Amino acid sequence: MAQPLVKKDDDRDDEAEYSPFLGIEKGAVLQEARVFNDPQLDARRCSQVITKLLYLLNQGETFTKVEATEVFFAVTKLFQSRDIGLRRMVYLMIKELSPSADEVIIVTSSLMKDMNSKTDMYRANAIRVLCRITDGTLLTQIERYLKQAIVDKNPVVASAALVSGIHLLQTNPEIVKRWSNEVQEAVQSRAALVQFHALGLLHQIRQNDRLAVSKLVTSLTRGTVRSPLAQCLLIRYTSQVIRESATNTQTGDRPFYDFLEGCLRHKAEMVIFEAARAITELNGVSSRELTPAITVLQLFLSSSKPVLRFAAVRTLNKVAMTHPMAVTNCNIDMESLISDQNRSIATLAITTLLKTGNESSVERLMKQITNFMSDIADEFKIVVVEAIRSLCLKFPLKYRSLMNFLSNILREEGGFEYKKAIVDSIVILIRDIPDAKESGLLHLCEFIEDCEFTYLSTQILHFLGIEGPKTSDPSKYIRYIYNRVHLENATVRASAVSTLAKFGAMVDSLKPRIFVLLRRCLFDSDDEVRDRATLYLNTLGGDGSVVETDKDVKDFLFGSLDLPLVNFETSLKNYEPSEEPFDINSVPMEIKSQPLAEKKAPGKKPTGLGAPPTAPASTVDAYEKLLSAIPEFADFGKLFKSSAPVELTEAETEYSVNVVKHVFDGHVVFQYNCTNTIPEQLLEQVTVIVDASEAEEFSQVVTKPLRALPYDTPGQIFVAFEKPDGVPAVGKFSNMLRFTVKEVDTTTGEAEEDGVEDEYQLEELEVVAADYMLRVGVSNFRNAWENMGADCERVDEYGLGPRESLAEAVNAVINLLGMQPCEGSEVVASNSRSHTCLLSGVYIGNVRVLVRIAFGIDGPKEVAMKLAVRSEDETVSDAIHEIVASG
């Protein structure tokens, strides 16, 4: 049932405008469609019925095949009407029905007749419909007419043909590419839309040829493009060419920069803005290049048109992230936008000012923002909060006013995401500005008194347990924490108990008081709260028991759980109660998703050991069981790591082979998972001949061939290599699949007795440094880094050479080391010129490793980085640096 449509800008609640389609039903409309068969057609009534049919289709109503066919044939009878309005509705209806190939023939002759009509409106619409419903065969028949239409004097017809060409390029590219000459001619058209559509189509035709695109841009930038829309397209294509071409290192000039700067003086506002935006988004743009673009954007800030003000302030906001000093000249103009009626403009103005303002302007900005915050939605408030956080980190001496502002808005009404953004900001300021710790913690304590979000309450309590004991007067926080035990739900009460225990462990003077409070918690109604209170009393010695050492207690309470929670959960589920306690060291450290999955024939499920394990056991356990069952590998020791499968054959080939690398302390085992995809063949005595001439530190010790490989039954071949113990040896291996092939009678399934020896070349395989590193994250990198200590820290700087972007450089280093990114640090903000990445892992020998990398853009596209490594063994820290230096 259609719903009434209310006018958005109508302030009168008692008046509403209802949809003319209210209450229509498909069955009734299909009955009305019989008017299409009347001998005397009523054009107005037919148009109304078609309008209803189009409404039903656009509302998601589906027609059966029979219904659609009947409507289609009925609509085709309307071609006999000469009413122009009705004819346009007929075109729309045919396009929406998308007739099948046999039905298209019915209307083809009528549409081709219209395409050659003297009425331009008929011609344009007939072209659009034909190109929408036709296939490649019919397209070749009408290609000549389409070429003529592209260069037609009537701009409506020419644009219709060009837009149809853009759509057809997706399905019939070879045909459309033959129209290049006509499209090139249309680019010179005086009609604005024709030039715009022609340029768009010509670029799509040439987009895969960088040289052709460069020539196109060169020719058009020297000529005159009259259409403002086409000029905007040209600016975008020019920016693309600039990005793909290197800057002249001798003169520092960019190709086509003069063209972009010249467009800043164009008479059309859209062209001026497009050019300014293109200049600001250039890679490694200098202050000199930015100046003219900033100047025109500053003029737009005072425009009477809201769209121009919004476009200008949004662009300046992005520029302020990387070149804040270049935007400072616009601060006075942006301050006037804080009171703009459009809240989006006002929000962008404020956040830009927060990025570009100086220390002396902080107080004034805070006063303006205070009055502004109540008028905007939560999503805009979050943007402002994040900008304030950045400003506070930039000017730490102003933390009092900024912290008070955050505390005040924290008490106001708002949704979860908004409150979480404020809490996260206060936490970051406490960590990074030591003087802000005590006031920030008190603000958080006051907030949890009235906090309605369980998640935020537990996170604040957790943070309070870490930072609170380190303050000058920890006792002042106890009241706030214990109040949570009485006044909150069970989840928050349990978190409060843990926080109390942390205070008791860190502050000796508070222990007696903490013991009293924990004993009261033993009578709580919730099991979790009582269990935690009992555990912590036992751990701290509050129940009269003797604890081992203070270090043990602190490790238990504050140490991070350096285990993948998914693996931990799986191991606990698989644990069978017995006299032996659960061993936490048995939990595998690496997270992988279905590394045993095999390529398989369509519709078939893999079987055998190559199939994904059906039991919930971790994949590492599955591999370890598989390898330990082979006597030759029994003395290799504990399996350190198994890689994800590496494909050694292309898809849809006669034999499917991938390999899993199993790394031990002194050995590497290659598990070749093979599948025969040819029903008429049986493979016997299947083995892999491995050439390790490019892997000097490896020596082959064991080969386990496969006796038989029937059709679509995965099997495994193992080849083991010895290497120096604990050494991250690397190398390249060539692989050849060797076997005896026998023909199989597919009707009986019997194979011939005689076979033929054959070989099949596989892709090369590499053992790289990342194979000796487990991806293991940490829940709190800062704590883990500090706990690791600086005794085995190694720091050095490296140049990574030219890179397409900072994100590409970050991903390259992560893949090189094979470590787990922490705290989302693998994500690089767009247009960022610096970035810090935090990595964690376990190196071969079960050595914990933490890495902190500071990336920065040094010159045009040149990326430099500062690498700091901490580990439990200084030789491992040195090894990580060697990997980067040689990578």
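Residues numbered from 1 in each chain as written. Predicted model: local features only at pLDDT ≥ 70, side-chain atom pairs only at ≥ 80, totals over all residues. Heavy atoms only, no water.

Undergrad: Whenever I open this one, the overall build of the protein confuses me. Can you help?
TA: A count of helical and extended segments in the protein gives 36 helices and 17 strands. Taking all 887 residues of the protein together, the buried fraction comes to 49%. Total accessible area on the protein stands at roughly 44,500 Å², and carbon and sulfur atoms take up 49% of it. (Helix = DSSP H or I, 4+ residues; strand = E, 2+ residues; numbered from the N terminus. Buried < 20%, exposed > 50% of the residue type's maximum accessible area, 1.4 Å probe, protein only. Areas by Shrake-Rupley, 256 points an atom, 1.4 Å probe, with all protein chains shown as cover.)

Undergrad: So what exactly am I meant to see when it comes to the packing of helix α15 (residues 269-280) against helix α17 (residues 306-322) here?
TA: The description of two packed helices rests on the angle between their axes and on the distance between the axes. For the pair α15 and α17, interaxial distance at closest approach is 10 Å and the crossing angle is 10 degrees. Regarding the angle of α15 to α17, the classification is roughly parallel. Two secondary-structure elements touch here, α15 through E269, F273, R277 and T280 and α17 through L308, A311, A312, T315 and V319. Residue composition of the contact of α15 with α17, by class: five nonpolar, two polar and two charged. (Axes fitted to C-alpha atoms, helices over the stretch in contact; angles between N-to-C directions. Parallel < 35°, antiparallel > 145°, perpendicular 65-115°, else oblique. Contact = heavy atoms within 4.5 Å. Nonpolar A, V, L, I, M, F, W, Y, C, P; charged D, E, K, R; others polar.)

Undergrad: Please explain the packing of aromatic side chains as it appears in this structure.
TA: The full count for this structure, using the stated rule, is 17 aromatic pairs. Residues F633 and F718 carry aromatic rings whose centres are separated by 5.9 Å and whose planes lie at 70 degrees to one another, so their mutual orientation is edge-to-face. Placement of the pair is F633 in the loop between α33 (619-628) and β1 (641-642) and F718 in strand β8 (residues 715-722), with a sequence separation of 85 residues. Assessed through its relative accessible area of 3%, F633 is described here as buried. Residue classification places F718 among the buried positions, given a relative accessible area of 6%. What links up through ring pairs into an aromatic cluster is the set F670, Y672, F698, F721 and F733. Sitting over the ring of Y122, R87 keeps its end group 4.5 Å from the ring centre. Of note, R144 hangs over the ring of Y145, and the distance from its end group to the ring centre comes to 4.6 Å. (Phe/Tyr/Trp six-rings, centres within 6.5 Å; stacked < 30°, edge-to-face > 60°. Lys NZ or Arg CZ within 6 Å of the ring centre and 35° of its normal.)

Undergrad: Whenever I open this one, the environment of E412 confuses me. Can you help?
TA: Among the structural elements, E412 can be located in the loop between α23 (399-411) and α24 (416-432). On the accessibility criterion, E412 (37% relative accessible area) is partly exposed. Sequence separation of E412 and S374 is 38 residues, and the distance between their C-alpha atoms is 9.1 Å.

Undergrad: Mind showing me how you'd approach the nonpolar core here?
TA: The nonpolar side chains of a soluble globular protein tend to be buried with one another. Counting residues in hydrophobic clusters, the biggest one holds 190 residues, and the most contacted among them are F36 and L354. Beyond its immediate stretch of four places on either side in the chain, F36 contacts L41, C46, V49, I50, L53, A74, V75, K77 and L78. L648, A729, I853 and A879 belong to the second-largest nonpolar core, a separate cluster that totals 66 residues. (Core = buried A, V, L, I, M, F, W, Y, C linked by side-chain atoms within 4.5 Å.)

Undergrad: In this structure, what is going on with the pattern of salt bridges? I would like to understand it.
TA: Close approach of charged atoms lets side chains of opposite charge pair. Throughout the structure, instances matching the rule amount to 33 salt bridges. Note that E281 and R277 form a salt bridge whose closest N and O atoms lie 3.5 Å from each other. Overall, the relative accessible area of 32% leaves E281 in the partly exposed class. The partner of E808 in a salt bridge is R803, with the nearest N and O atoms 3.4 Å apart. On the basis of relative accessible area, R803 is assigned to the partly exposed category, the value being 23%. What you see here is one network of salt bridges that share partners, running through R236, E274, R277 and E281. (Salt bridge = Lys/Arg side-chain N within 4 Å of Asp/Glu carboxyl O.)

Undergrad: Please explain a nonpolar patch on the surface as it appears in this structure.
TA: A contiguous nonpolar patch, built from L193, L229 and M270 and spanning about 250 Å² of accessible area, is present on the exposed surface. Checked against the element boundaries, L193 lands in helix α11 (residues 192-206). (Patch = residues over 30% accessible without salt bridge, like charges linked within 9 Å, V, L, I, M, F, W, Y side chains within 5 Å.)

Undergrad: Whenever I open this one, the packing of α15 against helix α16 (residues 287-300) confuses me. Can you help?
TA: Where α15 meets α16, the closest approach of the two axes is 9 Å, and the angle between their N-to-C directions is 140 degrees. When the axes of α15 and α16 are compared, the pair comes out oblique. Note that α15 runs across α16; the crossing there is left-handed. Judged by residue contacts, E269, I272, F273, A276, I279 and T280 of α15 engage E289, L290, A293, V296, L297 and F300 from α16. Residues that form the contact of α15 with α16 fall into these classes: nine nonpolar, one polar and two charged. (Left-handed = near helix turned anticlockwise from the far one by under 90°.)

Undergrad: How do you make sense of unusual backbone geometry when you look at a structure like this?
TA: Only a minority of non-glycine residues have a phi that is not negative, and only a minority of peptide bonds are not trans. At Q685, a position not held by glycine, the phi torsion is positive, near 50 degrees. Assignment of secondary structure puts Q685 in strand β5 (residues 681-694). We classify Q685 as exposed; its relative accessible area is 54%. Backbone geometry places N846, a non-glycine residue, at a positive phi of 60 degrees. Within the fold, N846 resides in the loop between β15 (834-843) and β16 (847-857).

Undergrad: Where do I start with the state of the cysteines in this structure?
TA: In protein structure, a disulfide is the covalent linkage between the sulfur atoms of two cysteines. Counting across every chain of the model gives zero disulfides. Of all cysteine sulfurs in the structure, the one in C822 sits closest to C837, which takes part in no disulfide; the separation is 8.4 Å. Using a relative accessible area of 1% as the deciding quantity, one classes C837 as buried. (Disulfide = S-S within 2.5 Å.)

Undergrad: For this particular structure, what's the right way to read the environment of K437?
TA: With respect to the secondary-structure elements, K437 resides in helix α25 (residues 437-448). Taking relative accessible area as the criterion, K437 reaches 18% and is therefore assigned buried. Among residues more than four places away in sequence, those in contact with K437 are I430, E467, K470 and T471. Engagement of the side chain of K437 in a polar contact is seen with the side chain of E467, the distance being 3.1 Å. (Polar contact = N/O pair within 3.5 Å; in protein donor to acceptor, adjacent residues only side chain to side chain.)

Undergrad: I'm lost on the side chain of H443 in this one. Help?
TA: Residue position: H443 is located in helix α25. Side-chain polar atoms of H443 contact the side chain of S407, separated by 2.9 Å. If sequence neighbours within four positions are ignored, H443 has contacts with M403, N404, S407 and R411.

Undergrad: Just checking my understanding: could you explain helix α27 (residues 478-487) for this structure?
TA: Helical periodicity: at 3.6 residues per turn, an α-helix aligns residues three or four positions apart in one direction. Those residues of α27 that fall on the buried side of the exposure criterion are I478, Y480, I481, Y482, R484 and V485. Each element contacted by the buried residues of α27 is listed here: α25, α26 (454-467), α28 (490-506) and α29 (511-521).

Undergrad: Help me understand the pairing of β5, please; the structure alone is not making it clear to me.
TA: For a regular strand, side chains alternate in direction, first toward one face of the sheet and then toward the other. Relative to strand β9 (residues 731-743), β5 is paired through 10 bridges, and the arrangement is antiparallel. For E694, the partnering residue across the bridge sits in β9 and is K732. Bridge analysis of β5 against strand β7 (residues 706-709) gives three bridges, and the strand direction is antiparallel. In the strand pairing of β7, E684 is matched with A708. (Pairing = 2+ DSSP bridges.)

Undergrad: Explanation requested: helix α6 (residues 120-133) in the structure shown.
TA: Between the first and last C-alpha of α6 there are 20 Å, a value that for 14 residues agrees with the 20 Å anticipated at 1.5 Å per step. Here α6 has its buried residues at Y122, R123, A124, A126, I127, V129, L130, C131 and I133. (Expected span 1.5 Å × (residues − 1).)

Undergrad: Please clarify how the side chain of S871 should be interpreted in this entry.
TA: By secondary structure assignment, the location of S871 is in strand β17 (residues 862-871). A distance of 2.5 Å separates a polar atom in the side chain of S871 from the backbone oxygen of D873. A polar contact of 2.8 Å, which involves the side chain of S871, links it to the side chain of S877. For S871, the contacting residues outside a window of four places in its chain are M788, C792, V847, R848, V849, V876 and S877.

Everything listed here is a matter of coordinates, which is why it stays silent on function.
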